[in-house]
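# Commentary on secondary and tertiary structure
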Amino acid sequence: MLFKQILLLFTLSWTTCAAQQEVFLYPGKIPNSKNAANEETKRADSIVDTVVSSVSRPTLTIYAPSVAKRNGTAVIVCPGGGYGVLLTEREGGKVAKAFNELGVTAFVLKYRLPSDRTMIEKSIGPLQDAQQAILTVRSKAGDWHIDPKKIGIMGFSAGGHLAATAGIHFNDPVIENPMAINLRPDFMILIYPVISFTDSIGHRGSRNNLLGISPTTAQINFFSNEFHVNGSTPPTFLTHASDDIVVPVANSLTFYKALKNNNIPCELHIYATGGHGYLKSPDFKEWFGRCMNWMKEMRLISGN
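Residues numbered from 1 in each chain as written. Predicted model: local features only at pLDDT ≥ 70, side-chain atom pairs only at ≥ 80, totals over all residues. Heavy atoms only, no water.

This part is about the sheet that holds strand E2 (residues 41-45). Pairing is antiparallel across the open sheet formed by 3 strands, whose spatial order is E2-E3-E6. At either end of the open sheet lies a strand with only one pairing partner, and these are E2 and strand E6 (85-86). (Pairing = 2+ DSSP bridges. Helix = DSSP H or I, 4+ residues; strand = E, 2+ residues; numbered from the N terminus.)

Dropping the structure here:
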């Protein structure tokens, strides 16, 4: 009897660990990195739950749904934070758990934050990590019970910029890819995203953190994703608030227009109020419910 109890405890413990596991993103040396000390910090925050700073060791945290619920769809989640910090719970772990309830396997990407101290070329560091995350999930799809043709990317604010950049520039690899794994996400979910780095509608803080205070015209153009939408851009879900004074709603409107002009399946929900971050409204169930309905229409999850 005691042996059975111990075996049951071990099984439950293993299941819990398997359902949520953090792994290093790169199996070996981190590309584009300097030999610098790890100064990552994590602190509690009364508004956004958890804030992580100075990330130089990127990871993926795997949130696996139950065997009974899993449906093969996967989402890589990129938290926001202006390329200065990461909101790894409010825009990471909590969302991943909601996806698990839908049968979706979620991967929270703790991507490197741009830094001249830790990177040789800081402007491409986050994109390298996003591309490596897609490569990792797709190459290990069989191990994680994932359909390699149903791997999407999601991002909030600056994480939305990173997700959109990965969805736009998948044919511009900034990582080693000897097996020629497809780096194109199959769909994008962009929540109050930074889309543009232009002076007119871009978020200056995100741009400064990623490119520095004096970026070139070529850099601004490359990272202004609205300019690069084409017929291969993945289907996209967007949501934003009209009264967002941090990242103007014009970011989502401009991207949506570009998607429509290229006949890309897309959906946009604009809320009258909500500001940046949806701290008070709309309720999570409201906007996530819209996202869930879109995923059903795209046949990424089953409809009920």
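A few words on the environment of Gln128. The topology assignment puts Gln128 in helix H3 (residues 125-139). In this structure the C-alpha to C-alpha distance between Gln128 and Glu176, which are 48 residues apart in sequence, comes to 9.3 Å. Leave out the neighbours within four places in its chain, and Gln128 touches Tyr26, Pro31, Asn32, Arg112, Val174 and Ile175. (Contact = heavy atoms within 4.5 Å.)

A few words now on the packing of helix H2 (residues 89-101) against helix H8 (residues 284-297). The N-to-C vectors of H2 and H8 enclose an angle of 45 degrees; their axes lie 12 Å apart at closest approach. Taken together, H2 and H8 sit at an angle that is classed as oblique. The way H2 lies across H8 gives a crossing that is right-handed. Taking contact as the criterion, the partners of Val95, Ala98 and Phe99 in H2 are, on H8, Phe284, Phe288 and Met295. Class assignment of the residues belonging to the contact of H2 with H8 gives a composition of 6 nonpolar, no polar and no charged. (Axes fitted to C-alpha atoms, helices over the stretch in contact; angles between N-to-C directions. Parallel < 35°, antiparallel > 145°, perpendicular 65-115°, else oblique. Left-handed = near helix turned anticlockwise from the far one by under 90°. Nonpolar A, V, L, I, M, F, W, Y, C, P; charged D, E, K, R; others polar.)

Spatially, E1-E4-E7-E5-E8-E9-E10-E11 is the arrangement adopted by the 8 strands of the open sheet, whose pairing is mixed. Of all the strands in the sheet, the pair left with one neighbour each is strand E1 (20-24) and strand E11 (266-271). Ignoring which end each strand starts from, the neighbouring axes of this sheet average 15 degrees apart. Judged from the 6 bridges that link them, strand E10 (residues 236-241) and E11 form a sheet pairing that is parallel. By the bridge assignment for E11, Thr236 is matched with Cys266. Contacts between H8 and the sheet are confined to strand E8 (151-156), strand E9 (188-191), E10 and E11, with E11 contributing the most and set at about 165 degrees to the helix.

Bringing unusual backbone geometry into the picture now. Omega for the peptide link from Ser281 to Pro282 comes to -10 degrees, which places this bond in the cis form. With respect to the helices and strands, Pro282 occurs in the loop between E11 and H8. Unlike most non-glycine residues, Ser157 shows phi in positive territory, near 55 degrees. By secondary structure assignment, the location of Ser157 is in the loop between E8 and helix H4 (158-168). Phi is positive for Ala180, which is not a glycine, with a value near 55 degrees. Relative to the helices and strands, Ala180 resides in the loop between H4 and E9. A relative accessible area of 62% places Ala180 in the exposed class. (Buried < 20%, exposed > 50% of the residue type's maximum accessible area, 1.4 Å probe, protein only.)

Within this structure, the stated rule accounts for 0 disulfides. Just so you know, Cys266 is unpaired, no disulfide at all, and the nearest cysteine sulfur is the one on Cys291, 14 Å from it. Exposure remark for Cys266: the relative accessible area of 18% places this residue in the buried category. With no disulfide partner, Cys291 has as its closest neighbouring cysteine sulfur the one in Cys78, 14 Å distant. (Disulfide = S-S within 2.5 Å.)

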